[in-house]
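Now for the letters of each chain:
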Amino acid sequence: MTADSSGLKALLWMQRRNYFIGAGCLTLGLVLHCVVTWSFPRLLVGLQAAWSTIFALMGLCVGAGWLPMKWAGVIASVIGFVSLTSFVLLSGGPDSPYFCMYAALPFILAVFTPDSRMPTLLSGGVSLVAIVIVNTMAEVPLPRVLLQVTSYSTFLGLALVGTRMYRHMLDAQLAAHQERLRALEQLAESERLRARAALERAEVERLVLVGQLAAGVAHEVNNPLAFVKANLSYLQRETADEAWTIEREEFRDVLDETKQGVMRIQQIVTDLRGFSRADPLGEQQEPGVLEEALKEAKRLASVRLREGGEVALALAPELPAVRLGQRHMVQVLVNLLINAADAAQSAQPPRRPHIKVSAHREAGGVCLRVEDNGPGIPPDVLPRLFEPFFTTKPPGQGTGLGLALCRDYVARVGGTLHAENHPGGARFVLMLPAASDAPSPTAYELPNTRAPGSMKPEALG
Ligand code: ADP
């Protein structure tokens, strides 16, 4: 049901109630008259009973919507007038105790049918005529009749003004209601537009993201691909002649290096599967051995560390194996080393990367620090560092997934990874629980900044 139809229903219900009240008042007036005068004038009783019944029926018809309110008001005013006049004539003419009711009649009609002027005007007009006739029949002096007519006209005027004000008020309310509806429609429309714009923006962001990711992956695949291609060309050249000039030892080295490149590409593909969660993170990996992982990470990051970059190791002896799997450990270290090298090279003027990796035993595990000689992490970047897709690197060079992925891996085994600045650059501190310690179920919670399956192709070195 709409607001309009429910409003109309309420109005009809009110009108019906008014007619019922009218019928009740006519009956009550009759009963009071009979009781007070202790008489039972048949004509009066018959007429009043008929009017009451007609009022009650009209109430039913108006309530059901069968009788238009305006016409019901006109009929009610005629009935009221005839009923009152019969009462007046049958109870003493101008001296009747009901004569003063003529003044009230327009007001009663105005209250009953405020939305229309006609019933008030009609009942007022006929009442005015009735006053003149009743007074003339009773030979009332003309000045008195004139006074009565004047005062009655005043009442009628006031009643008319009242209904007019009410109509104006209704019109104003209706206009305000329509204005409100229009404003609501505009609001709904702008909300629709906003939602559509948000959808479009999300789609654009998604495409940008896919583009960045694709650029990053292409970049990472290109590196090993370049040296695989170079090695294969070299072997092709060297073995073109019947008499091979290449030494057996060198041949094996070049093949090994080529194999490493192919494996690295395979690794990227495997981790991309991890990104789509096809590769479950709960997979079994052997516990990480820091020395070996560092050796592997240094080798993998060497492409980016060329131009004289150096990695100095300061590892405490007999570090325990850690709970972070070897493969993920290498991935985390490569990412930290590459970021450190990038930071040093992004300094103005660019610096030769000098990275210090230190590790020592800590209660329950190993603490590892990676310090660089870059410009450090700006204060506005520091809180966003581990957000997935947050990067300050130019398009194609950074995806912003590396640190998010590292923290994810580390957190999954109950470790922590955080960043800080030291006087000469940035420092990343990695806390890893020892593999021998039983994993605690509440050891970590997934960081809420993690993207589903986040990974960083750069980290694959
Ligand atoms: P990416 O390397 O693709 O940008 P990361 O998640 O690895 O993504 O790094 C996010 C950002 O953190 C980098 O873009 C860089 O601004 C900042 N950052 C990471 N490591 C360092 C560092 N050693 N020194 C300064 N800033 C760093």
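Residues numbered from 1 in each chain as written. Predicted model: local features only at pLDDT ≥ 70, side-chain atom pairs only at ≥ 80, totals over all residues. Heavy atoms only, no water.

- An unreviewed UniProt entry annotates the protein as histidine kinase of Cystobacter ferrugineus.
- Per its UniProt entry, the protein bears the Catalytic activity (unreviewed entry) comment "ATP + protein L-histidine = ADP + protein N-phospho-L-histidine." (UniProt positions renumbered as here; feature names shortened; annotations may be inferred.)

### What about the overall build of the protein?
In step 1: Counting its regular elements, the protein contains ten helices and seven strands.
In step 2: At a minimum sequence separation of 6, the contacts of the protein that also span at least 24 residues come to 74%.
In step 3: If you sum the accessible surface of the protein, you get close to 25800 Å²; carbon and sulfur atoms cover 64% of it. (Helix = DSSP H or I, 4+ residues; strand = E, 2+ residues; numbered from the N terminus. Contact = heavy atoms within 4.5 Å. Areas by Shrake-Rupley, 256 points an atom, 1.4 Å probe, with all protein chains shown as cover.)

### Some thoughts on the packing of aromatic side chains
In step 1: Taken as a whole and judged by the stated rule, the model has three aromatic pairs.
In step 2: Centre to centre, the rings of phenylalanine 87 and tyrosine 98 are 4.7 Å apart; their planes meet at 80°, and the pair counts as edge-to-face. Of the two residues, phenylalanine 87 sits in helix H3 (residues 69-90) while tyrosine 98 sits in the loop between H3 and helix H4 (101-112), which places them eleven residues apart along the sequence.
In step 3: Where phenylalanine 99 meets tyrosine 102, the ring centres are 5.6 Å apart and the plane angle is 75°; that geometry is what we call edge-to-face.
In step 4: When its relative accessible area of 9% is taken as the criterion, phenylalanine 99 is described as buried.
In step 5: Cation over ring: arginine 407 sits above phenylalanine 386, and NZ or CZ is 3.7 Å from the ring centre. (Phe/Tyr/Trp six-rings, centres within 6.5 Å; stacked < 30°, edge-to-face > 60°. Buried < 20%, exposed > 50% of the residue type's maximum accessible area, 1.4 Å probe, protein only. Lys NZ or Arg CZ within 6 Å of the ring centre and 35° of its normal.)

### What about helix H9 (residues 326-346)?
In step 1: Across its 21 residues, H9 extends 30 Å between first and last C-alpha, which sits within 8% of the 30 Å expected from 1.5 Å per residue.
In step 2: Among the 21 residues in H9, 17 count as buried, and that is most of the element. (Expected span 1.5 Å × (residues − 1).)

### Observations concerning the pattern of salt bridges
In step 1: Summed over all chains, the structure comprises ten salt bridges.
In step 2: Arginine 427 is paired through a salt bridge with glutamate 420; the nearest N and O atoms lie 2.7 Å apart.
In step 3: Given the relative accessible area of 18%, arginine 427 is considered buried.
In step 4: Here glutamate 420 falls in the partly exposed class, since its relative accessible area comes to 25%. (Salt bridge = Lys/Arg side-chain N within 4 Å of Asp/Glu carboxyl O.)

### A word on the side chain of aspartate 342
In step 1: Turning to its location among the elements, aspartate 342 is positioned in helix H9.
In step 2: Excluding residues within four positions of it along the chain, aspartate 342 makes contact with Arg304 and Lys393.

### Overview of the sheet that holds strand S4 (residues 354-362)
In step 1: Pairing is mixed in the open sheet, where five strands are placed in the order S2-S4-S5-S7-S6. At either end of the open sheet lies a strand with only one pairing partner, and these are strand S2 (310-315) and strand S6 (416-422). On average, each strand axis in the sheet is inclined to that of its neighbour by 15°, with strand direction left out of account.
In step 2: Pairing between S4 and strand S5 (residues 365-371): seven bridges, direction antiparallel. (Pairing = 2+ DSSP bridges. Axes fitted to C-alpha atoms, helices over the stretch in contact; angles between N-to-C directions.)

### A short note on helix H8 (residues 290-305)
Since the α-helix advances by 3.6 residues per turn, residues separated by three or four positions end up pointing in the same direction.
In step 1: The sharpest bend along H8 comes to roughly 35°, located at arginine 299.
In step 2: Every buried residue of H8 is listed here: Leu290, Ala293, Leu294, Ala297, Leu300, Ala301, Arg304 and Leu305. (Bend = angle between axes of the 7 residues up to and from the residue.)

### Focus on a nonpolar patch on the surface
In step 1: A contiguous nonpolar patch, built from Leu43, Leu89, Leu90, Val129, Ile133 and Met137 and spanning about 590 Å² of accessible area, is present on the exposed surface.
In step 2: For the nonpolar patch, the secondary structure elements donating two or more residues are H3 and helix H5 (118-137).
In step 3: The leading source of residues in the nonpolar patch is H5, at three residues.
In step 4: You can see leucine 90 is positioned in helix H3. (Patch = residues over 30% accessible without salt bridge, like charges linked within 9 Å, V, L, I, M, F, W, Y side chains within 5 Å.)

### Observations regarding a negative patch on the surface
In step 1: On the surface, Glu247, Glu250, Asp253, Asp256 and Glu257 cluster together into a negatively charged patch.
In step 2: Note that aspartate 253 resides in helix H7 (residues 248-275). (Lys, Arg positive; Asp, Glu negative; His and termini not counted. Charge placed at Lys NZ, Arg CZ, Asp CG, Glu CD.)

### Focus on the nonpolar core
In step 1: If you look at the biggest cluster of nonpolar residues, it comprises 44 residues, and the most contacted ones within it are Leu290, Leu324, Ile355 and Phe428.
In step 2: Secondary-structure elements contributing two or more residues to this core are H8, strand S3 (322-325), H9, S4, S5, helix H10 (402-412), S6 and strand S7 (425-433).
In step 3: It is H9 that provides the largest number of residues to this core, a total of ten residues.
In step 4: Residue contacts for leucine 324: discarding those within four places in its chain leaves Glu286, Pro287, Gly288, Met329, Val332, Tyr409, Val410, Val413 and Leu432. (Core = buried A, V, L, I, M, F, W, Y, C linked by side-chain atoms within 4.5 Å.)

### Considerations on unusual backbone geometry
In step 1: Put simply, glutamine 348 and proline 349 share a cis peptide bond, and its omega is -5°.
In step 2: Within the secondary structure, proline 349 is located in the loop between H9 and S4.
In step 3: Phi is positive for tryptophan 38, close to 50°, though the residue is something other than glycine.
In step 4: Within the secondary structure, tryptophan 38 sits in the loop between helix H1 (3-37) and helix H2 (42-64).
In step 5: Taking the relative accessible area as the measure of exposure, tryptophan 38 reaches 73% and is therefore exposed.

### What to know about the packing of H3 against H4
In step 1: At a minimum axis separation of 11 Å, H3 and H4 run at an interaxial angle of 165°. Accordingly, the angle class assigned to the pair H3 and H4 is roughly antiparallel. The crossing of H3 and H4 is right-handed. For the pair H3 and H4, contact is made by Gly73, Ser77, Gly80, Phe81, Leu84, Thr85 and Val88 and by Met101, Tyr102, Leu105 and Leu109, respectively. (Parallel < 35°, antiparallel > 145°, perpendicular 65-115°, else oblique. Left-handed = near helix turned anticlockwise from the far one by under 90°.)

### A closer look at the pairing of S4
Successive residues of a regular strand alternate their side chains across the two faces of the sheet.
In step 1: Here S2 pairs with S4 via six bridges, running parallel. Opposite alanine 314, over in S4, you have serine 358 as the bridge partner.
In step 2: Here S4 folds back onto S5, and the loop between the two strands holds two residues, one of which, glycine 364, carries a positive phi near 80°.

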